[in-house]
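Examination of the molecular architecture
Single-letter residue listing:
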Amino acid sequence: MINQAKRQVKIAKKQADKFAALLGNRQNVLITTHISPDGDAVASCLGAYGLLRSLNSNPTCCFSDLPPDRYDFLPDFDKIISTDHRSAESFKTALILDCGKLPRIGKVERLLGQDPIIVNLDHHEDNEWFGRLNLIFPEAASTSEILFEVAKALKIQISEPVATCLYTGHFSDTGGFRYSNTDSRSLAVAAELAACGANAHQIATSIYSNNSPANLKMIGEAIASLELHAGGQVALMTVASPPNGDEAEDIIDYALSVRGVRAVALIRLRDSQIRVSLRGRDLVNVAGIARQFGGGGHPKAAGFTTEDDVTTLRAKIIDALSREVETRYADADSKD
Ligand code: 5GP
Ligand code: MN
């Protein structure tokens, strides 16, 4: 049987035209994303940087948190600046990528003028539709995939640097084509981007074989901290984040790789703040749990930041994940 992907990101001509009308031919357009930017966030912004230049604009990529050095292989990486280099109300127009809620752009928010024109392009289900144009497709495996579809709808020739960025974002958010958002559609997008010049092998090497020795030791600490709960269905890892924030994004996947595990949490201690990443397998949905703690994300990958006491927090997380697994699988069992 042919296993056809059901999902499809279809950009209407009207939407693509509005994208070009709002963001093309402009001297001063901001491109930004969420705080603690991940692969899809950084790479989609740099892909957009190239695309907006094709639309005769002069964009600025400005982030609240500078991206981790591990993405420095991306074209135009050095063009990303931090908010310190811009004064308040610098931009009237902004393209915000991979970010479900406006406050998640962090300090960049004060660079927006009064009543800014925002294009909100994202694949988070809980996106708050805060833009004048909202290109929200939860069915997309990555924000980079949506941008790719916008470029195609606008018939923009995708250059090799743009293809490299969009492939990287897409590759990161599918966990290197291993997560449940990997299907014939996401692989077809990757194939098209490879045909436009993205070098799949080089990008995979840059992402997965680019750890600093300190980083690898941190991964070791995280793995050593692994604990299992709920009869081995819930896993928890705790690690102290390095001060430069340059850490592998896939540390949590080690917890999810344990046989029988259905829900996992990675607790990262950063000074007074604690960042928590959550992942679920199969029936488990962690987005609701992240929301309970003031965060958000996707059904299978979500997170939040808190200043809660770590001992209390751990107990709360174990409890929430155990309940989620129990409920989902009790429902599933009763349907058998
Ligand atoms: P990660 O665990 O890789 O940091 O995040 C997984 C997913 O959850 C990403 O899609 C990310 O955007 C989302 N996410 C992580 N932390 C937060 C948060 O504090 N708020 C919201 N709204 N989403 C988050
Ligand atoms: Mn994303």
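In case you missed it, the structure is sitting above this.
Residues numbered from 1 in each chain as written. Chains lettered and ligands numbered in written order. Predicted model: local features only at pLDDT ≥ 70, side-chain atom pairs only at ≥ 80, totals over all residues. Heavy atoms only, no water.

**Some details on the coordination of the manganese ion (ligand 2)**
A four-donor tetrahedral metal ideally has 109.5 degree angles, and a six-donor octahedral metal ideally has angles of 90 or 180 degrees. Donor atoms from the polypeptide that coordinate the manganese ion (ligand 2) comprise Asp40 (OD), Asp98 (OD), His123 (NE2) and Asp173 (OD), at 2.2 to 2.4 Å from the metal. As a motif over one chain, the donors of the manganese ion (ligand 2) read D-x57-D-x24-H-x49-D. Here Asp40 is found in helix 2 (residues 39-54), whereas its partner Asp173 is found in helix 4 (residues 160-173), with 133 residues between them in sequence. Of the two residues, Asp40 and Asp173, neither departs from the other in class, the shared state being buried. (Donors = N, O, S within 2.8 Å, 3.2 Å for Na, K, Ca; no water. Helix = DSSP H or I, 4+ residues; strand = E, 2+ residues; numbered from the N terminus. Buried < 20%, exposed > 50% of the residue type's maximum accessible area, 1.4 Å probe, protein only.)

**Re the side chain of Asn120**
Counting through the fold element by element, Asn120 comes out in strand 5 (residues 112-122). For Asn120, a relative accessible area of 0% translates into the label buried.

**Examining the packing of aromatic side chains**
This structure, assessed with the given rule, holds five aromatic pairs. Between the aromatic rings of Tyr167 and Phe171, the centroid separation amounts to 5.9 Å while the plane-to-plane angle is 20°, which identifies the pairing as stacked. Here Tyr167 pairs with Phe171, and both are found in helix 4, just four residues apart, close to one helical turn. Each of the two residues, Tyr167 as well as Phe171, counts as buried. Relative to Phe304, the ring of Phe293 lies with its centre 4.5 Å away and its plane at 10°, an arrangement referred to as stacked. Residue Phe293 is located in the loop between helix 9 (287-292) and strand 11 (296-297), and its partner Phe304 is located in strand 12 (residues 301-306); the two are separated by 11 residues in the primary sequence. Members of the aromatic cluster, joined through ring pairs, are Tyr167, Phe171, Phe177 and Tyr208. Above the ring of Tyr329, the side-chain terminus of Arg262 is found at 3.4 Å from the ring centroid. (Phe/Tyr/Trp six-rings, centres within 6.5 Å; stacked < 30°, edge-to-face > 60°. Lys NZ or Arg CZ within 6 Å of the ring centre and 35° of its normal.)

**Some details on helix 2**
Under the 1.5 Å per step criterion, the end-to-end length of helix 2 is 23 Å for 16 residues, consistent within 8% with the ideal 22 Å. Of all 16 residues in helix 2, 14 are buried; the element is thus mostly enclosed. Asn56 occupies a position one or two residues after helix 2 and carries a positive phi of about 60°. (Expected span 1.5 Å × (residues − 1).)

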